[in-house]
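A structural walkthrough
The lines below spell out each chain.
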Amino acid sequence: MHSADNDYVKIIAISPNYYRSYTTEMTFTAIVEYNLESRDHGIVYLGFNTQEPHSYSLYASQEVEKGSGTVTLQATLTPVDWSSYWKAGYQLLGLLKGASSMETDFKVYANLSEYPHEDSWKPLATYEETLEYMNADPPQMEPLLYTDKNGHDDEDEFQDLKEGASPQFTEAQFHNSLEELCSETASTVYNPRLADMLMSLSCGAYYKQCTLENYDHLGFDRGDVKTYNYYLDWDDKRYGDDSVAYTIGKKQTWDGRTMILVTIRGSYADNDSISSKDWRSNFNLGEAETGISWHKGFDKAAKEVFKTLQELYGDTLPKDNTFYVLTGHSRGAGVANLVSVLISDNGVPKLNVYDYNFACPDVARNIGTGWNWLGDHDNIFNVANANDPVAWIPGVLGDMLGNASDTATDIYSLFNNPDVKIQGASGDGMSAPLTDWGKFGRSYWFSSDWDKVDSKGMDFSLHDQKKYVEYMHEHRGDPLGDGDMKTWEGVVTKSNIAKAAIGLSVLFTAIKGILLFFLCPVDVEITDSSGNIVASVVDGVPNYHESTLGDVVILNQGSEKLIFIKDGVDLSVKLTGSDSGTMTYAAVETDMLGSEAYDCKAYYDVELKKGKTFEDHVVLSPEDNKTISSELYVVDRNGNPTAKVMEDGQEISEKTGLSAWLAKINWLVVLLVALGIIVLAIIVILVKRTRSKAKKQDTVAAPTYGYGSDLSQTKPQNNTMGSGISVSGDIICPKCGYSNPIGIRTCMGCGKKLKRK
């Protein structure tokens, strides 16, 4: 190794790192690490000593800027045997030129140079490495792999199937070992025969016994194979949330290296149900975040698998003479995609990691250019049927939920706005559709008929792993670029999905329907016009009931949810608060072709309490099938509306029919009772006042009639004349006839008020 100043270059990985023939052309792929300090611009070269034993011919290069990094370079050439006697002239020539010894090794070389430079120049740093001649052929193996998804997982029943001639049992015959297929090409070069074998392993991974038999047939010792989370009950409590079943095996290969194989099971459930723990995890995007975020359901499972690898082989995973092979279908593909990234982040060179994922859903959001920055994840291949809906989600729908969560103020502005763009992956032409959501590595799509791909729309039956096995086996000899496997290119905006430059048809032409946003902690139940429940989310658990994935899509992002109902025209939506706060809810009639909203009804800042229930009737206008009507009400326990919710979140009390009549009667009764109480109070006050006056008058002292010294009181005689006039001058009571002395105003006999005389 030669370097000047702090400039540095080194080949940190090359595949293959050996050669078996001096007559057969081979393709070598090298990862070169560099550090450029002395210049602003430079170039990294890759060479081999194919012309002379002591000098190097340069086959590949890449320009670099000041700083450090890695580049991947590839060269196709025929190795040279410099030890053969007829090469002696080259050896002597080398000695005459100043070589210190006879050079017999075949070597790979890298240099870091200033750029631009003269025709003859001195590199800033150099590196060379001897490639080993492998004077041995791989063992002849023809492994028989079991790929039956519907096979039995009970060991005894499995043995009966294997020994019998059950028509349910499916086998796939191969004519090369796994390690031989890996040695054919670098991990960054798509190998259709390797893809064929790994798809069969992914299919067999759905059942433990299939997987164990397959590892046996690939030459693994059972003692070096470990299985995890394979429970017979698809909803077993021990399985936990956001988990996955997987198998890890290790073996020594014929060329002296160590191979670690990881197969990861896809979504598992009885009768293809999409309501199992696996499927619930598939739609669990995680908490709403504005920055980079990995799909929670896949992230947790991937970290579980990676932790197991560290427990088996050390925190710092082995790198020298060790290569990793990962594969999975559906959920298994998403988890494998992230495990590969974790392995690379642990320092394992990408040339030592082979990853083929089938029907892989999107695994992360807002990675930007990081999906495959400068080819960092060129070793990850995601292969999917173009009409398989699983391979496209969360995708655009995930973008909509994430963007709605980020703004949460004007959902309609997320549509029909040409100035709002989704920040997608780098334009390497190899990524999935350029939405906020995507997959690491390179994505390829196939179809049985590209001319009809857009008319087929999304078809969940095409997600069946057996159909993937059939396709990969049929096309195991097809390299990429033959017109059958295609990539997405272009930029996705809110008003347009640009067609790929290669002519890939837009797949969303048949996807129109109603999008429902629930940016709040609520349980949701949606029924169609026939009263059938088409989708629900209770306690964060999505339930598709009898609906088909693709016709209905449910995405969870923490407490926030998005539900897409394809061709929905008449829906009843019930929302029940699972916590307190404010609610944002919107119903959008949309065309997925261009992320265009025909109409939108949204409600913001609605008061939400735990147990508070709302109902909405979402109907499309039969005239244009685009105008949407929505009326959101607060309802009581019996489903009767108690208030109408306005778009600004205000609630207006609204009673109709019997409820209104009863309400009016209740108010009238209250009013009458109140008036009665007031009148009664007034009467009581008046009576009390009258009696109080009477008592005061009764206490006035009467005059004393005395005769001489006799102080006794005697009732005077009633000497009257005429009508109540006393002859003696007293006042005679007209009621009782009592003769009252002059000055008395109240009759002393009966209490009657007397007139003045």
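Residues numbered from 1 in each chain as written. Predicted model: local features only at pLDDT ≥ 70, side-chain atom pairs only at ≥ 80, totals over all residues. Heavy atoms only, no water.

1. Observations regarding the overall build of the chain
- If you tally the helices and strands in the chain, you get 12 helices and 38 strands.
- In the chain, buried positions account for 52% of the 757 residues.
- Look at the contacts in the chain between residues 6 or more apart in sequence, and 68% of them connect residues 24 or more apart.
- Taken as a whole, the chain presents about 35200 Å² of accessible surface, with 48% of it coming from carbon and sulfur. (Helix = DSSP H or I, 4+ residues; strand = E, 2+ residues; numbered from the N terminus. Buried < 20%, exposed > 50% of the residue type's maximum accessible area, 1.4 Å probe, protein only. Contact = heavy atoms within 4.5 Å. Areas by Shrake-Rupley, 256 points an atom, 1.4 Å probe, with all protein chains shown as cover.)

2. A closer look at the sheet that holds strand E17 (residues 364-365)
- An order of E14-E17-E19 is seen for the three strands of this open sheet, with the pairing classed as antiparallel. Each edge of the open sheet carries a strand with a single partner, namely strand E14 (293-294) and strand E19 (437-438).
- Bridge count for E14 against E17 is two bridges, and the pairing is antiparallel. Bridging across to E17, Trp-294 finds its partner in Ala-364. (Pairing = 2+ DSSP bridges.)

3. Some points on a nonpolar patch on the surface
- A contiguous nonpolar surface patch, about 580 Å² in accessible area, is contributed by Leu-671, Leu-672, Leu-675, Ile-678, Ile-682 and Leu-686.
- Looking at the secondary structure, you find Leu-671 in helix H12 (residues 657-698).
- Taking the relative accessible area as the measure of exposure, Leu-671 reaches 49% and is therefore partly exposed. (Patch = residues over 30% accessible without salt bridge, like charges linked within 9 Å, V, L, I, M, F, W, Y side chains within 5 Å. Salt bridge = Lys/Arg side-chain N within 4 Å of Asp/Glu carboxyl O.)

4. Here's the deal with the packing of helix H7 (residues 296-313) against helix H8 (residues 331-345)
- The interhelical angle for the contact between H7 and H8, taken along N-to-C directions, is 55 degrees, at an axis separation of 8 Å. When the axis of H7 is compared with that of H8, the two are oblique. Note that H7 runs across H8; the crossing there is right-handed. Of the residues in H8, those in contact with Gly-297, Phe-298, Asp-299, Ala-301, Ala-302, Lys-303, Val-305, Phe-306 and Leu-309 of H7 are Arg-331, Gly-334, Val-335, Leu-338, Val-339, Leu-342 and Ile-343.
- Of the residues belonging to the contact of H7 with H8, the class tally is 11 nonpolar, two polar and three charged. (Axes fitted to C-alpha atoms, helices over the stretch in contact; angles between N-to-C directions. Parallel < 35°, antiparallel > 145°, perpendicular 65-115°, else oblique. Left-handed = near helix turned anticlockwise from the far one by under 90°. Nonpolar A, V, L, I, M, F, W, Y, C, P; charged D, E, K, R; others polar.)

5. What to know about the packing of aromatic side chains
- The final tally for this structure, using the stated rule, is 23 aromatic pairs.
- The interplanar angle of 10 degrees and the centroid separation of 3.8 Å between the aromatic rings of Phe-446 and Tyr-471 together place this pair among those described as stacked. In this pair, Phe-446 sits in strand E20 (residues 442-446) while Tyr-471 sits in helix H11 (residues 465-474), placing the two residues 25 residues apart along the sequence.
- Ring pairing ties together the aromatic residues Tyr-19, Tyr-22, Phe-28, Phe-48, Tyr-59, Phe-106 and Tyr-133, which thus form one cluster.
- The ring of Phe-220 is capped by Lys-251, whose NZ or CZ atom sits 5.7 Å from the centre of that ring. (Phe/Tyr/Trp six-rings, centres within 6.5 Å; stacked < 30°, edge-to-face > 60°. Lys NZ or Arg CZ within 6 Å of the ring centre and 35° of its normal.)

6. Digging into the pairing of strand E22 (residues 522-527)
- By the criterion of burial, E22 is predominantly enclosed, with five of the six residues buried.
- When E22 meets strand E27 (residues 570-577), the two strands line up antiparallel, connected through six bridges. Each bridged residue has a counterpart across the sheet, and for Val-524 the counterpart in E27 is Leu-575.
- Bridge count between E22 and strand E23 (residues 533-538): four bridges; the pairing is antiparallel. Residue Glu-525 lies in a different strand from E23, and its bridge partner there is Ser-536.

7. Side note on the sheet that holds strand E15 (residues 322-329)
- With mixed pairing, the seven strands of this open sheet are ordered in space as E11-E12-E13-E15-E16-E18-E20. Taken across any chain shown, the strands that pair with only one partner, and hence form the sheet edges, are strand E11 (225-228) and E20. Ignoring which end each strand starts from, the neighbouring axes of this sheet average 15 degrees apart.
- Bridge analysis of strand E13 (residues 258-264) against E15 gives seven bridges, and the strand direction is parallel. Across the sheet, residue Thr-263 finds its bridge partner in E15, namely Thr-327.

8. Regarding the environment of Met-141
- One can find Met-141 in the loop between strand E8 (132-133) and strand E9 (144-146).
- Residue contacts for Met-141: discarding those within four places in its chain leaves Phe-174, His-175, Asn-176, Ser-177, His-217, Leu-218 and Gly-219.

9. Overview of the nonpolar core
- Counting residues in hydrophobic clusters, the biggest one holds 51 residues, and the most contacted among them are Phe-518, Ile-563, Val-573, Leu-575, Met-583, Tyr-585 and Phe-614.
- The leading source of residues in this core is strand E29 (residues 596-608), at six residues.
- Discounting residues that sit within four places of it in the chain, Ile-563 has contacts with Ile-514, Leu-515, Leu-516, Phe-518, Val-524, Ile-526, Ala-535, Val-537, Val-553 and Ile-554.
- One finds Phe-174, Ala-386, Trp-392 and Tyr-444 within the second-largest nonpolar core, a separate group that totals 41 residues. (Core = buried A, V, L, I, M, F, W, Y, C linked by side-chain atoms within 4.5 Å.)

10. Observations concerning the side chain of Lys-350
- Within the secondary structure, Lys-350 sits in the loop between H8 and strand E16 (353-358).
- Despite its burial, Lys-350 remains without a salt bridge, the nearest opposite charge being carried by Asp-378 at 4.2 Å. (Lys, Arg positive; Asp, Glu negative; His and termini not counted.)

11. Remarks on unusual backbone geometry
- Note that the residue after Ser-15, namely Pro-16, is joined by a cis bond; omega there is -10 degrees.
- The residue Pro-16 is located in the loop between strand E2 (8-15) and strand E3 (18-19) in this model.
- Notably, Asp-539 is not glycine yet its phi reads approximately 55 degrees, a positive angle.
- Its location among the elements puts Asp-539 in the loop between E23 and strand E24 (541-543).

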